[in-house]
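For reference, the chains in residue letters:
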Amino acid sequence: MQADTIIEIQHLCVQYNNVQAVKQLDLTVRRGEVFGMLGPNGAGKSSTLSCIMGLRRPDGGTVRVDGHDVARDPLAVKRILGVQLQKSALFNELTAVELIELYAALYEVFPTRAQIMALLERFGLAQKAGARAPQLSGGQQQRLALAIALVNNPQVVLLDEPTTGLDPQARRGVWAMVRRMREEGRTVLLTTHYMDEAQELCDRIGIIDNGVLVALDTPLALIARHAPPLSPQDAARRQPNLEDVFLALTGRGLDGEQSLVQDDEARWLATTT
Amino acid sequence: MRRFLVVFRSLLKINLRDKAALFWGFAFPIGLILLYGTIWGGQDFNGVSAMTWLTVGVVVLNIMASGFIGDATWLTQMRAQGILLRVQAAPLPRAVLVAAYGAVRLVIVLIQAAAIVLVAMLVFGAKFSLSGVALAFVIALGGAAVFILLGQAIAALAPSTGASMAIGQCIYFPLMFLSNLFIPIESLPAWLYGIARWNPAYMLVDLMRPVMVAVPAQQASWLNLLGLLLYGLLGIMIAARFFRWEPKR
Ligand SMILES: Nc1ncnc2c1ncn2[C@@H]1O[C@H](COP(=O)(O)OP(=O)(O)O)[C@@H](O)[C@H]1O
Ligand SMILES: [Mg+2]
């Protein structure tokens, strides 16, 4: 394992009854980068994350995080990971402050009230400290889930589709949060099926399709290497992008999901970035 | 320990703020006491005050509902919402989670039992000896543990929240009538009694009633204790074997 490698996945296989969700995946994530796993729904992104988080035992291969084998020592790995799953997992009956307190305790972290407020402030939720999850907008719930991912001051942050279902403003808010995590020296591994998100946010991208890694590089290098030349009409209108890369590599497009319109994201974004 | 306390406190808040749980756990049993008290308030059943006899039944009914419906539904809901999975992603030993959950549920059931008994005493003058109530509450704790485990077993087997609720209710309703909780067992045909005496709610009320009210037990205490123990073991075995962090796909 090289010195700057923090996550090392070797020959990972995940099998559900009759579906091979991940097939012999090899992948390394470097310390301090924002790494994006880009792929359509069902590509095997969440299954891969589950194995890194120790939520699922691989059916083949190994995953190491900061030198710890996840299958052998899941607790050591869980301690250094910050996680946000595809479902935001917020108890409806607890307020934002109480949720932070509870999740922090699960990591044996006991923040003071001031520390909790500082964390909420950072995610634009100071006004919502006493609000319960159902009273928060989709974007606010997502930011709360991100705040919870940082309760244990993790070295590595794993985010499963952090912006799916958010409107463009809210997505940009999440991007700002992810960039700040990188500035603090954390490694971020996120999954997405938005090519613009991968291109904007990630230092390197692994394109996953059908449980197989089909390409891995920086966004620019991927485009330079795999995007076919645009037709003259297209070239006049736009630059080649990752969508073209995905199409060239798999013969299919990346299906985007409709985003939902949320409320106060724009206002919040204006005050933080 | 501090971790346990925070988890305990959080789960307690969650339980005490859940409106549906509050209705079924407090309003419903206390409503039953008010209803029974209004109907049978001054009467006697075979020489004991009807209210004292019925109050023990309401306490056991609540313990049974809390396990079969409350625990079963809650666990499946947490699983469906992805909360179990998120908790599993944290480095929390399972024992701490299970202990905090069990402790919270037992505390809640005890508070409910105390509320039921107090209303019966204060509003309808039901009389219990302090030592009898104390011993009955110890038995109630053990019984509640059995029903919590049976609730976990239902949740482990049920594919969804809806299914969990349906299974819980399908077990709860027949057992409510075949149990000596409100309908004296003597009024059942003999063949039904032969079935009812193996019902865990029947066993629990048959242990609790003699210590709270001056009535004899229907069957030997050791038989009731052994039966409840076996139900508890059955619950643990099913729950441990079929527990899932995630919904089935
Ligand atoms: N618990 C499960 N049981 C059965 N099949 C599953 C389960 N989880 C995922 N799958 C299947 O595995 C494949 C990969 O799923 P997933 O890892 O969730 O992909 P992604 O996160 O990229 O959308 C899909 O075909 C999905 O239907
Ligand atoms: Mg996924």
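Residues numbered from 1 in each chain as written. Chains lettered and ligands numbered in written order. Predicted model: local features only at pLDDT ≥ 70, side-chain atom pairs only at ≥ 80, totals over all residues. Heavy atoms only, no water.

1. Describing the packing of helix α9 (residues 200-212) of chain B against helix α10 (residues 221-242) of chain B
Residue and element names in this part refer to chain B.
Okay, so step 1: Interaxial distance between α9 and α10 falls to 9 Å at its minimum, and their mutual angle equals 140 degrees. As summarised for this structure, α9 and α10 are arranged oblique, according to the angle between their axes. You can see that α9 and α10 cross each other, and the crossing is left-handed. Contact residues: P200, M203, L204, D206 and L207 in α9; S221, N224, L225, G227, L228 and Y231 in α10.
Okay, so step 2: Here the residues of the contact of α9 with α10 sort into seven nonpolar, three polar and one charged. (Axes fitted to C-alpha atoms, helices over the stretch in contact; angles between N-to-C directions. Helix = DSSP H or I, 4+ residues; strand = E, 2+ residues; numbered from the N terminus. Parallel < 35°, antiparallel > 145°, perpendicular 65-115°, else oblique. Left-handed = near helix turned anticlockwise from the far one by under 90°. Contact = heavy atoms within 4.5 Å. Nonpolar A, V, L, I, M, F, W, Y, C, P; charged D, E, K, R; others polar.)

2. A short note on the sheet that holds strand β2 (residues 19-30) of chain A
Residues and elements named next belong to chain A.
Okay, so step 1: The strand order β2-β1-β4-β5 describes an open sheet built from four strands, whose pairing is antiparallel. Where the open sheet ends on each side, the last strands, each with one partner, are β2 and β5 (68-69).
Okay, so step 2: Judged from the eight bridges that link them, strand β1 (residues 5-16) and β2 form a sheet pairing that is antiparallel. Within β2, the position partnered with Q15 by the bridge is Q20.
Okay, so step 3: Of the strands in this sheet, β1, β2 and β4 (60-65) touch helix α1 (residues 45-53), which is tilted by about 120 degrees from β1. (Pairing = 2+ DSSP bridges.)

3. A few points about the site of ligand 1
Okay, so step 1: Around ligand 1 lies a shell formed by A:Y16, A:V19, A:A21, A:P40, A:N41, A:G42, A:A43, A:G44, A:K45, A:S46, A:S47 and B:R249.
Okay, so step 2: The site occupied by ligand 1 is bordered by residues of chains A and B.
Okay, so step 3: The contact in question runs from an oxygen atom of ligand 1 to an N or O atom on the side chain of A:S47, over 2.5 Å.
Okay, so step 4: Bound to the protein, ligand 1 loses 76% of the 560 Å² it would expose on its own.
Okay, so step 5: When residues of the shell around ligand 1 are assigned to their parent elements, the largest contribution, three residues, is made by α1(A).
Okay, so step 6: Here the shell around ligand 1 is composed, by residue class, of five nonpolar, five polar and two charged. (Near = heavy atom within 4 Å. Polar contact = N/O pair within 3.5 Å; in protein donor to acceptor, adjacent residues only side chain to side chain. Areas by Shrake-Rupley, 256 points an atom, 1.4 Å probe, with all protein chains shown as cover.)

4. Section: the coordination of the magnesium ion (ligand 2)
Six octahedral donors at a metal ideally form angles of 90 or 180 degrees, and four tetrahedral donors ideally form angles of 109.5 degrees.
All names here are of chain A.
Okay, so step 1: Bound to the magnesium ion (ligand 2) on the protein side are S46 (OG) and Q86 (OE1), at distances that span 2.0 to 2.5 Å. Taken together, the residues span a long stretch of sequence, with S46 in helix α1 and Q86 in the loop between β6 (81-84) and α3 (96-106) at a distance of 40 residues.
Okay, so step 2: For S46, a relative accessible area of 25% translates into the label partly exposed. (Donors = N, O, S within 2.8 Å, 3.2 Å for Na, K, Ca; no water. Buried < 20%, exposed > 50% of the residue type's maximum accessible area, 1.4 Å probe, protein only.)

5. Notes on the interface of chain A and chain B
Okay, so step 1: If you look at the interface, chain A gives 26 residues, while chain B gives 24 residues.
Okay, so step 2: When chain A packs against chain B, the two sides together hide about 2,600 Å² of surface, and 64% of this comes from carbon and sulfur.
Okay, so step 3: The interface formed by chain A and chain B contains four salt bridges.
Okay, so step 4: The residue B:R9 makes a salt bridge to A:E101 at a minimum N-O spacing of 2.6 Å.
Okay, so step 5: Contributing elements (two or more residues each) for the side of chain A that touches chain B: α2 (74-80) and α3 of chain A.
Okay, so step 6: In terms of residue count, the dominant contributor to the side of chain A that touches chain B is α3(A) (six residues). (Buried area = accessible area lost by both parts, 1.4 Å probe. Salt bridge = Lys/Arg side-chain N within 4 Å of Asp/Glu carboxyl O.)

6. Remarks on a nonpolar patch on the surface
Residue and element names in this part refer to chain B.
Okay, so step 1: A contiguous nonpolar surface patch, about 760 Å² in accessible area, is contributed by W222, L226, L229, L230, L233, I236 and M237.
Okay, so step 2: Among the structural elements, W222 can be located in helix α10.
Okay, so step 3: Under the relative-accessibility criterion, W222 is labelled exposed at 59%. (Patch = residues over 30% accessible without salt bridge, like charges linked within 9 Å, V, L, I, M, F, W, Y side chains within 5 Å.)

7. Description of the side chain of A:D160
Okay, so step 1: Note that A:D160 resides in strand β7 (residues 156-160).
Okay, so step 2: Nearest to the buried, unbridged A:D160 among oppositely charged side chains is A:K45, at 6.6 Å. (Lys, Arg positive; Asp, Glu negative; His and termini not counted.)

8. Overview of the side chain of B:T76
Residues and elements named next belong to chain B.
Okay, so step 1: Looking at the secondary structure, you find T76 in helix α3 (residues 50-80).
Okay, so step 2: Here A72 takes part through its backbone oxygen, which lies 3.0 Å from a polar atom of the side chain of T76.
Okay, so step 3: Excluding its chain neighbours within four sequence positions, the residues that come into contact with T76 are A155, A158, S160, T161 and S164.

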